[in-house]
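Examining the three-dimensional arrangement
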Amino acid sequence: MPTREDAYTLMTSHVQNISLQRHMLSVEAAMRAYARSYGEDEELWGITGLLHDCDYEEYPDLHQHTQVAAVWLGDAGYDKRIIYAILAHNDLNLETHPRTDLLSKALYACDEVTGMITATTLVRPDKSIHGLEVSSVRKKMKTKGFAAGVNREDLVKGAEELGVDLNEHIAFVIAAMSAVAEDLGLAGIAV
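What you see is a predicted model, and the numbers here were worked out from it, not measured in a lab.

1. Quick notes on the overall build of the chain
When its secondary structure is counted, the chain shows 10 helices and zero strands. Against the compact-globule benchmark of 16 Å for 191 residues, the chain has a radius of gyration of 16 Å, which places it among compact chains. C-alpha extents for the chain along the principal axes are approximately 45 × 35 × 30 Å. With 191 residues in all, the chain has 50% of them scored as buried. A sequence separation of at least 24 residues applies to 65% of the contacts in the chain between residues at least 6 apart. For the chain, the accessible surface area stands at approximately 9,000 Å², while carbon and sulfur atoms represent 51% of it. If the 17 positive side-chain charges of the chain are averaged to one point and the 29 negative ones to another, these points end up 8 Å apart.

2. A word on the pattern of salt bridges
Under the counting rule described, the total for this entry stands at nine salt bridges. Glu43 is paired through a salt bridge with Arg32; the nearest N and O atoms lie 2.8 Å apart. In this pair, Glu43 is assigned in helix α3 (residues 42-51) and Arg32 in helix α2 (residues 18-38), connecting sequence segments 11 residues apart. For Glu43, a relative accessible area of 39% puts it in the partly exposed group. Asp91 is the salt-bridge partner of Lys157, the closest N and O atoms lying 3.5 Å from each other. You can see Lys157 sitting in helix α8 (residues 152-162) and its partner Asp91 sitting in the loop between α5 (80-88) and α6 (102-122), a full 66 residues away along the chain. A relative accessible area of 26% means that Lys157 is categorised as partly exposed. Residue class for Asp91 comes out partly exposed when judged on its relative accessible area of 30%. Salt bridges linked by common partners bring Arg4, Glu28, Arg32, Arg36, Glu42 and Glu43 together as one network.

3. Observations concerning the packing of aromatic side chains
Within the structure shown, the criterion is met by four aromatic pairs. Between Tyr59 and Trp72, the ring centres sit 6.2 Å apart and the planes meet at 65 degrees, which makes this aromatic pair edge-to-face. Placement of Tyr59 in the loop between α3 and α4 (67-75) and of Trp72 in helix α4 is noted, with a sequence separation of 13 residues between them. Given the relative accessible area of 28%, Tyr59 is considered partly exposed. Through pairs of rings, three or more aromatic residues link up here, namely Tyr34, Tyr38, Trp45 and Phe172. Lying across the ring of Tyr108, Arg99 places its NZ or CZ 3.4 Å from the centre. The lysine or arginine in question, Lys140, covers the ring of Phe146, its NZ or CZ lying 4.9 Å from the ring centre.

4. What about the environment of Tyr56?
Along the chain, Tyr56 turns up in the loop between α3 and α4. For Tyr56 and Leu20, which are 36 residues apart along the polypeptide, the C-alpha to C-alpha distance reads 8.7 Å. In this structure Tyr56 touches Leu20 and His65, once residues within four positions along its chain are discounted.

Rules used in this analysis
Residues numbered from 1 in each chain as written. Predicted model: local features only at pLDDT ≥ 70, side-chain atom pairs only at ≥ 80, totals over all residues. Heavy atoms only, no water. Helix = DSSP H or I, 4+ residues; strand = E, 2+ residues; numbered from the N terminus. Rg over C-alpha atoms; globule rule 2.2 N^0.38 Å. Buried < 20%, exposed > 50% of the residue type's maximum accessible area, 1.4 Å probe, protein only. Contact = heavy atoms within 4.5 Å. Areas by Shrake-Rupley, 256 points an atom, 1.4 Å probe, with all protein chains shown as cover. Lys, Arg positive; Asp, Glu negative; His and termini not counted. Charge placed at Lys NZ, Arg CZ, Asp CG, Glu CD. Salt bridge = Lys/Arg side-chain N within 4 Å of Asp/Glu carboxyl O. Phe/Tyr/Trp six-rings, centres within 6.5 Å; stacked < 30°, edge-to-face > 60°. Lys NZ or Arg CZ within 6 Å of the ring centre and 35° of its normal.

Dropping the structure here:
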């Protein structure tokens, strides 16, 4: 199976947008943390998070998004479980790829929440994820127009499908992202 380095190279060869790259790094961090928590394969889960949107910049149409990535990953020899989970995180594929396994559920759960956490962090005066409270994220979730690209319904549904309390899920993902804050551009600035 291709390595994490191979996956990173593939992702960056298709994604030039730094914010999208950081989103995928955020999901990778959350997926690795959940893999450790569940006693699952951390590399497999991490690579799934890292590559989940690798085709999105070039193929943002949801009818193509994940379908193109599945072909790329299949051709490159990635594990079928990674490809399945990536397909399953796009609701348009649920008929053929329902989220029935833990990997697929975790990817779906981590996708939207990382976006909300990032957006909430970036409006803080110090732009640091360190010390970010769950209550701040929950408050921003209720603010219409804030982080409009984050689907609140998917965020809530993701935690439900994974079987975790939403507040615990947010706290868990904040901690996972905090561990790689520098890579995510969320380590803060001097104020």
